[in-house]
Amino acid sequence: MSSDPANGGVTPEVDWSWTERDPGWVPPEIDQSKPSVARIYDYILGGKDNFAVDREAAEKAFVMFPDVRDVAVANRGFLVRAVRLMAEAGIRQYLDLGTGIPTSPNVHEVARQTHPDARVVYVDNDPMVMAHNRALRATSPGVATVHQDLRDPAGVLADPVVRDLIDFDEPVGLLLIGVMHFVPVDIGAAIVARYRKALVPGSYLVLSTQCVDGTVAGGIEHAESTLAPMLGPVVARSAAQIEELFEGFDLLEPGLVDVSRWRADGTPGTLAFLGGVGLKT
Ligand SMILES: C[S@@+](CC[C@H](N)C(=O)[O-])C[C@H]1O[C@@H](n2cnc3c(N)ncnc32)[C@H](O)[C@@H]1O
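Counting restarts for each chain, with residues numbered from 1 along the sequence as it is written. Where totals are concerned, whole chains, interfaces and linings use all residues; where local detail is concerned, this predicted model gives features only for residues with pLDDT of at least 70, and gives and counts side-chain atom pairs only at 80 or more. The side-chain quantities take in all heavy atoms of the structure and omit both hydrogens and water.

Things to note about the layout of surface pockets
Then, in step 1: Quantified by volume, the largest pocket comes out at close to 1100 Å³.
Then, in step 2: Here the term cavity refers to a set of points on a 1 Å grid, laid over the protein atoms alone, in which a 1.4 Å probe fits but cannot get out; the term pocket refers to an open set having protein on both sides within 12 Å along at least five of seven lines, with lining residues being those that place an atom within 4 Å of a point. Surrounding the largest pocket, 50 residues form its lining, S36, V37, A38, G178 and F182 being those nearest its centre.
Then, in step 3: The helix and strand labels rest on DSSP assignments: H or I over at least four residues marks a helix, E over at least two residues marks a strand, and numbering proceeds from the N terminus. Looking at the lining of the largest pocket, the elements that each hand over two or more residues are α2 (37-44), α4 (68-88), β1 (93-97), β2 (119-124) and α10 (219-231).
Then, in step 4: In terms of residue class, the lining of the largest pocket is made up of 29 nonpolar, 11 polar and 10 charged. Grid points are joined across faces, edges and corners, and a volume is the space filled by probe spheres set on the points. For this classification, the nonpolar set comprises Ala, Val, Leu, Ile, Met, Phe, Trp, Tyr, Cys and Pro, the charged set comprises Asp, Glu, Lys and Arg, and every other residue, Gly included, is treated as polar.

What follows is the structure, encoded as structure tokens:
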């Protein structure tokens, strides 16, 4: 795997893709008959850790959003820039909720360019993500992955691995990138509020999610009718609903904007994907 300019020029330290090394083997806990959000996203990003059922689901997204791969790449670029900003501001510990199948550069790779001792806990509820991250845990002390559902903040925040690596008396970088569109609007605000409350001043909230405002007409309805039956809720918030998730935090410049435009000069795609970085003061 080589360094990619789209990745901010960061060279990944580990190639996590077991399918390249061991193409016939699939962890037994993986259900290959149902698509998964993590594997669809992996396919959209050009990864190899997905099955036919995921690729079929992704193709439904390509019908409505032919540039969805560009949107996903822009979202990863947003992640890199946001983590770099936090690291340069002194953040040494990160909680990445809905982390996905490892995609380089990941949070710890970017943060450790600035702080080689940065600690990162990755959280996801997909067994495939866990299987990949087991290798990562073995090779990177200070990096861990926990199998938790982010909709249960009490469970996540009390997880012994989270408690072991994250000191909540110190500022934390909390990431909710590309995941809130799987959490319904009516419960999402309270869930994010619970995480915000756990953070001390000086902490950051980095969040990106799809947005109704700016998305091609009919796009969200298409996603809901084709993907939701397979994946569960596919939620698009208004820009105002996304901004509410930062309540009590100061949004850093340029505020809540398309991820392609957050401290970059990209072009928004057919699927609007807003991102912002908030600071707890
Ligand atoms: C589209 S991927 C985003 C990955 C990464 N954060 C990024 O933006 O590049 C969404 C990830 O969130 C995970 N996810 C969805 N709902 C979740 C939940 N309730 N709890 C934990 N993880 C969840 C999925 O399994 C998937 O790996």
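Some words on the packing of aromatic side chains
Then, in step 1: Only rings of Phe, Tyr and Trp enter the pairing, Trp through its six-membered ring, and a pair is recorded when the two centres are within 6.5 Å. The plane angle decides the type: under 30 degrees is stacked, over 60 is edge-to-face, the rest tilted. Scanning all chains against the criterion turns up two aromatic pairs.
Then, in step 2: When the ring of Y43 is compared with that of F62, the centres are 6.4 Å apart and the planes differ by 80°; the resulting orientation is edge-to-face. Here Y43, found in helix α2, pairs with F62, found in helix α3 (residues 52-64); they are 19 residues apart in sequence, far enough to count as distant.
Then, in step 3: Buried residues are those whose accessible area, probed at 1.4 Å on protein chains only, stays under 20% of the maximum for their type, while exposed residues exceed 50% and partly exposed ones sit between those limits. Taking the relative accessible area as the measure of exposure, Y43 reaches 18% and is therefore buried.
Then, in step 4: An angle of 85° between the planes, with centres 5.5 Å apart, marks the rings of F78 and W262 as edge-to-face. Within this pair, whereas F78 is found in helix α4, its partner W262 is found in the loop between β7 (257-258) and β8 (273-280), the two being separated by 184 residues in sequence. Taken as a pair, F78 and W262 share a single burial class, namely buried.
Then, in step 5: Note on geometry: a ring has a charge over it if NZ (lysine) or CZ (arginine) is within 6 Å of the ring centre and within 35 degrees of the ring normal. Lying over the aromatic face of Y43, R69 brings its terminal NZ or CZ to 6.0 Å of the ring centre.

Considering the packing of α2 against α4
Then, in step 1: Orientation of α2 relative to α4, taken along the N-to-C sense of each, is 100°, at an axis distance of 9 Å. With respect to α4, the element α2 is oriented roughly perpendicular. On α4, the residues that touch Y41, Y43 and I44 of α2 are V68, R69, A72, N75 and R76.
Then, in step 2: Class assignment of the residues belonging to the contact of α2 with α4 gives a composition of five nonpolar, one polar and two charged. Working convention: axes come from line fits to C-alpha atoms, limited for helices to the stretch in contact. Angles between N-to-C directions cover 0 to 180 degrees. Oblique is the label for any angle not covered by the other classes, which are roughly parallel (under 35 degrees), roughly antiparallel (over 145) and roughly perpendicular (65 to 115). Note on definitions: a residue-residue contact is assigned when non-hydrogen atoms from the two residues lie within 4.5 Å.

A few points about the site of the ligand
Then, in step 1: Nearness is judged by heavy atoms alone; a residue qualifies as near a molecule or strand once a single heavy atom is within 4 Å of it. In the vicinity of the ligand, 19 residues are found, and the nearest of them are Y41, R76, G98, D124 and I177.
Then, in step 2: The definition of a polar contact used here is a pair of N or O atoms within 3.5 Å, where within protein one atom must be able to donate a hydrogen and the other to accept one, and adjacent residues in sequence count solely through side-chain atom pairs. Within the side chain of R76, an N or O atom sits 2.7 Å from an oxygen atom of the ligand.
Then, in step 3: N125 places a side-chain nitrogen or oxygen 3.3 Å from a nitrogen atom of the ligand.
Then, in step 4: Per-residue and other accessible areas follow the Shrake-Rupley method at a 1.4 Å probe size, with only the shown protein chains counted as cover for residues. Protein chains shield 95% of the accessible area of the ligand, which is 600 Å² for the free molecule.
Then, in step 5: One can see that the ligand is located within the largest pocket.
Then, in step 6: Mapped by element, the contributors of at least two residues to the shell around the ligand are α2 and α4.
Then, in step 7: Among the elements that take part in the shell around the ligand, α2 stands out by supplying three residues, more than any other. More than half of a molecule's atoms lying within 2 Å of a cavity's or pocket's grid points is what places that molecule inside it.

Regarding the environment of F168
Then, in step 1: Following the sequence through the fold, F168 ends up in the loop between α8 (160-165) and β4 (173-177).
Then, in step 2: Given the relative accessible area of 10%, F168 is considered buried.
Then, in step 3: Residues F168 and S203, spaced 35 residues apart in sequence, show a C-alpha to C-alpha distance of 9.6 Å.
Then, in step 4: Once residues within four sequence positions are removed from consideration, F168 is found in contact with L95, L157, V162, R163, A198, L199 and V200.

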